[in-house]
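# Observations on chain architecture
One-letter residues, chain by chain:
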Amino acid sequence: MNYCQKYLSAGLLGIAALAVGASPAWAQVSLGRASDFSVLGATVTCTTSVIAGDVGSTGAFTNTGCTITGAMPPATNAAAVGAYADFLDAYAALARQPCQFNLPATLARNAQLQPGVYCTDAALTATDVVLTLDGKGDPNAVWIFRIGTNATGTGALTGTGFTVTMAGGGQACNVFWRVAEAVTMTDSRLIGTILAGAAITMTSGTNTLAGRALATAAVTMTNATVIGCDTLSDSPSCKPKKHHRHHKHHKGHGNGHDGDDDDDGKGNGNGKHDDDDDDDGDKKGNNPTPFKIKK
């Protein structure tokens with residue numbers, strides 16, 4: 001079992017399965033240059049936190065007492081513009097993934113999900129929930145969560161005491177949370193890449209993210225830990241090829257740096273995309289076919 005599989009503990013008994021069905025025959029998720037970053041946003045504010053990986057911002061970057069193992073602004077300013085544009089493309093593409101399973105607005109306390117595309121019409125709330133993602137022996141299995149599939153493109157993810165674990169060979173970096181609006185985590189341990197249509201906030205309690213935090217607006221962290229996909233494992237599915245090279249900074253101090261004003265990688269500015277609500281995917285089936293990741 002590699003670090004991707006065991007980073008957050010998965011020992012659960014009596015887990016209730018929410019859904020059984022088939023995965024689409026072929027689905028690809030490409031983050032492009034955004035896959036190089038552990039944290040990427042229109043602004044990034046980091047306070048007494050730890051980030052394993054690179055940090056990028058198309059605007060301001062403030063670092064107060066954070067330890068960052070990768071590169072950070074201003075060294076990443078140029079790369080962040082292109083990465084942000086690719087992130088917006090991925091955000092839009094995920095909105096077009098046909099839904100296979102519908103999730104309730106409030107997750108059950110103990111749930112287990114097989115690979116697939118899971119959707120909520122509006123917001124998703126998880127309070128004191130342990131969610132296990134079971135790869136059923138397939139390290140290439142993929143989970144996509146589309147939160148806010150309604151016509152107006154509204155829906156936030158709010159987790160309080162929310163823990164996600166991997167089982168059955170599942171890989172943290174093959175999990176994607178496409179959220180129409182903001183993501184707010186409190187005392188939570190999340191797995192996967194967050195693609196937020198607004199801000200990502202991890203400032204209350206102690207939060208851990210094994211994956212990536214990508215936001216169209218601000219990423220704000222206090223006493224949080226983000227373990228990026230470059231760090232999680234040597235597995236190809238968890239460690240994408242780097243698109244840029246720059247000097248690594250091992251620790252950050254002081255008041256931070258302003259981002260590069262060249263923000264033409266922002267697309268439409270607010271990062272919002274209309275959801276293509278192609279939700280007529282099969283809800284049932286047998287012998288799930290694995291997703292594959294396009295790097």
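Everything that follows concerns the structure shown earlier in this document.
What counts, and at which threshold
Residues numbered from 1 in each chain as written. Predicted model: local features only at pLDDT ≥ 70, side-chain atom pairs only at ≥ 80, totals over all residues. Heavy atoms only, no water. Helix = DSSP H or I, 4+ residues; strand = E, 2+ residues; numbered from the N terminus. Expected span 1.5 Å × (residues − 1). Buried < 20%, exposed > 50% of the residue type's maximum accessible area, 1.4 Å probe, protein only. Pairing = 2+ DSSP bridges. Axes fitted to C-alpha atoms, helices over the stretch in contact; angles between N-to-C directions. Phe/Tyr/Trp six-rings, centres within 6.5 Å; stacked < 30°, edge-to-face > 60°. Lys NZ or Arg CZ within 6 Å of the ring centre and 35° of its normal.

Turning our eyes to something else, we now look at helix α2 (residues 77-94). For α2, spanning 18 residues, the distance from its first C-alpha to its last is 26 Å, which sits close to the expected 26 Å at 1.5 Å a residue. Counting buried residues along α2, 13 of its 18 residues qualify, which places the element largely inside the surrounding structure.

This part takes up the sheet that holds strand β21 (residues 218-222). Reading across from one edge, β6-β3-β21-β19-β17-β14-β11 is the order of the seven strands in this open sheet, with parallel pairing throughout. Looking at which strands have only one partner, the edges of the open sheet turn out to be β6 (61-64) and β11 (124-127). Neighbour to neighbour, the strand axes of the sheet diverge by 10° on average, direction disregarded. Two strands pair when backbone bridges link them, and strand β3 (residues 43-47) and β21 are joined in this way by five bridges, in the parallel orientation. By the bridge assignment, V44 is partnered in β21 with V219.

With that settled, the discussion passes to the packing of aromatic side chains. The final tally for this structure, using the stated rule, is six aromatic pairs. When the ring of F87 is compared with that of Y91, the centres are 6.3 Å apart and the planes differ by 65°; the resulting orientation is edge-to-face. One end of the pair, F87, and the other, Y91, are both in helix α2, four residues apart, so they sit about a helical turn from each other. Note on Y91: relative accessible area 1%, which makes it buried. Clustering of aromatic rings is evident, with ring pairs tying together F101, Y118, F145, F162 and W177. When the ring centre of Y91 is taken as origin, the NZ or CZ atom of R178, which lies over that ring, is 3.8 Å away.

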